[in-house]
Amino acid sequence: MDNKGFFGNWGGAYIPEILHQTFQELHVEYQRAKNDPAFWQEYLHLMRTYSCRPTPLTYAENLSNHFGGARIFIKREDLNHTGAHKANNVMGQGLLVKRMGKKRVIAETGAGQHGMATATMAAKFGFDCTIYMGEVDVRRQRPNVFWMEKMGATVVPVKDGSRTLKDAINEAFRDWVTNIDSTHYVFGTACGPAPFPEMVTWFQSIISEETKEQIKELHGKLPARIYACVGGGSNAMGSFYHYLDTDTELVGVEAGGHGIDSGMHASRLCGTDASPGVAQGYKTMFLQNEDGQMLETHSVAAGLDYVGVSPILSDLWEKKQVRFEAATDKEVMAALDLTMKLEGIIPALESSHAFVQAFKEAPTIAKDEAIIINMSGRGDKDIFTIAHAYDDPSWKEFIISRAAEYSSKS
Ligand SMILES: *Cc1c(COP(=O)(O)O)cnc(C)c1O
């Protein structure tokens, strides 16, 4: 990152005047933490005692035999507290907030996973917590909203625009502008104005810090390739970070939805639908029309359904240091099904995108090579979507009978 927050042509900090001082403060606190080895030790201790780190690197022997090529390893970010890599970021930012002496955190959330992680962090650190969530998402993600509220967070449904993630981000910035002194905005992914892309990447880099040791121990050398799904890009950046200067090939997998030529997807760096733009405080490749109006996106995985992408990934894409692919909703269901049957592991719909591409390439890679799939989260949260996709009749019956139970009581 240069001193204006740019990664090559991408990134920056396009923020209102009123937030300049807050961002300056955040820059300073982040640099101080980064240069203080005791901070990372405190972070590691927190993650070991609260979030099951280091997460295992699992050799997927049955999948490897099934495809007959590379040895497939799965990095188990699903075993974090709240079931995904999001804990890495929110716990790190929580420690920073404590250092800054602030008492209130706000966050945006789409599917609710980042909101959930932020609510747990706020409860643990004793911060007030407000979560902004599009009204449509509040309705779609009731279980997450329920838990956030039970952990003491206030969930505010946002009624602007398409009433989804990007609208929640805008509303969170509005809150921040009016509550600068008391409040920290816990940004959820490696996007937004500097220093968020770099800072979130730093906390997530704990993933590749671990896998680099683990793969040497389990396989004797570095992996040939690493696969990660790309929403905003935080789990991808975290799992790539310590391999950027190695020969390991890095593959980011975006949401192909109904296909990248269908107009129903969220692929920014794979395909040709995105273009450079400035929005939400940073410059990156956005899915937008010629007037800069954001396009509708689609993915079976709510966590990948975003119009922008990390400016660091846009830079790595431009420099051809990361290859980008897309997985369709249909392919995702097939990869998920196979992983459950052969390994007894349930990847999140988001993570399953990385599995799709790894499965396509594994047979073509030599047997003495390893590949790592970063499993960003567990699929338990997706039971409604997955059961619907299987068109499972007994699940339908279960939902109907539960609903009937409720309405007979009221
Ligand atoms: C939020 C989420 C993602 C997408 O976010 P990134 O910042 O791209 O990592 C991916 N997988 C899971 C399980 C998530 O919860």
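Keep in mind the model is a prediction, meaning the values are calculated, not measured.

Caption draft 1: Representation of the sheet that holds strand β10 (residues 249-257). If you trace the 6 strands from one edge of the open sheet to the other, you get β3-β4-β14-β9-β10-β13, paired in mixed fashion. Whereas interior strands pair on both sides, the edge strands pair on one side only; in this sheet they are β3 (57-59) and β13 (322-328). The sheet shows a mean angle of 25 degrees between the axes of neighbouring strands, taken without regard to direction. Across 3 bridges, the pairing between β3 and strand β4 (residues 71-76) is antiparallel. For L57, the partnering residue across the bridge sits in β4 and is K75. Contacting β4, β9 (225-229), β10, β13 and β14 (370-375), helix α14 (residues 349-361) runs over the sheet at an angle of about 145 degrees to β9.

Caption draft 2: Structural context of the pattern of salt bridges. Enumeration over the complete set of coordinates arrives at 28 salt bridges. R53 is the salt-bridge partner of E77, the closest N and O atoms lying 2.8 Å from each other. Placement of the pair is E77 in the loop between β4 and α4 (86-100) and R53 in the loop between α2 (37-50) and β3, with a sequence separation of 24 residues. We note a salt bridge from E210 to K75, for which the minimum N-O separation is 2.7 Å. Residue E210 is located in helix α10 (residues 206-219), and its partner K75 is located in strand β4; the two are separated by 135 residues in the primary sequence. For the pair formed by E210 and K75, the shared burial category is buried. When salt bridges with common partners are traced through the structure, they connect R225, E249, R323, E325 and E361 into a single cluster.

Caption draft 3: Focus on the pairing of strand β11 (residues 275-279). For β11 and strand β12 (residues 282-286), the ladder comprises 5 bridges, and the chain directions are antiparallel. Residue pairing for β12: S275 is matched across the bridge by F286. Two successive antiparallel strands, β11 and β12, enclose a turn made up of 2 residues, where Q280 displays a positive phi of approximately 50 degrees.

Caption draft 4: A look at α4. Over its 15 residues, α4 runs 21 Å from end to end, which matches the ideal 21 Å to within 8%, given 1.5 Å per residue. Counting buried residues in α4 gives 13 out of 15 residues, a clear majority hidden from the surface. Positive phi shows up at G101, right after α4, with a value of about 75 degrees.

Caption draft 5: Region of interest: the UniProt feature "domain: Tryptophan synthase beta chain-like PALP" (unreviewed entry) in the protein. Under the UniProt annotation, the feature "domain: Tryptophan synthase beta chain-like PALP" (unreviewed entry) is placed at residues 51-377. Its end C-alpha atoms 13 Å apart, residues 51-377 is made of 40% helix and 20% strand.

Caption draft 6: Here's a closer look at the layout of surface pockets. If you add up the space inside the largest pocket, you get close to 1000 Å³. Every element with two or more residues in the lining of the largest pocket is listed here: α5 (113-125), α6 (135-140), α7 (142-150), α8 (165-178) and α15 (383-390). The leading source of residues in the lining of the largest pocket is α7, at 4 residues. Grouping the amino acids of the lining of the largest pocket by side-chain chemistry returns 14 nonpolar, 12 polar and 11 charged. Both domains that furnish three or more residues to the lining of the largest pocket are identified here as domain 1 (6-48 + 85-200) and domain 2 (53-83 + 205-387). When its volume is computed, the second largest pocket comes out at roughly 310 Å³. In terms of lining residues, the second largest pocket is bounded by F384, W395, F398, I399, R402, A403 and Y406. Examining the composition of the lining of the second largest pocket, we find that 6 residues originate from one element, helix α16 (residues 393-409), more than from any other. In the lining of the second largest pocket, the residues fall into 6 nonpolar, no polar and 1 charged.

What counts, and where the lines are drawn
- Residues numbered from 1 in each chain as written.
- Predicted model: local features only at pLDDT ≥ 70, side-chain atom pairs only at ≥ 80, totals over all residues.
- Heavy atoms only, no water.
- Pairing = 2+ DSSP bridges.
- Helix = DSSP H or I, 4+ residues; strand = E, 2+ residues; numbered from the N terminus.
- Axes fitted to C-alpha atoms, helices over the stretch in contact; angles between N-to-C directions.
- Contact = heavy atoms within 4.5 Å.
- Salt bridge = Lys/Arg side-chain N within 4 Å of Asp/Glu carboxyl O.
- Buried < 20%, exposed > 50% of the residue type's maximum accessible area, 1.4 Å probe, protein only.
- Expected span 1.5 Å × (residues − 1).
- UniProt positions renumbered as here; feature names shortened; annotations may be inferred.
- 1 Å grid on protein atoms, 1.4 Å probe; cavity = no way out; pocket = protein on both sides within 12 Å on 5 of 7 lines; lining within 4 Å.
- Points joined across faces, edges and corners; volume = space filled by probe spheres on them.
- Nonpolar A, V, L, I, M, F, W, Y, C, P; charged D, E, K, R; others polar.
- Domains from an automatic or database assignment.

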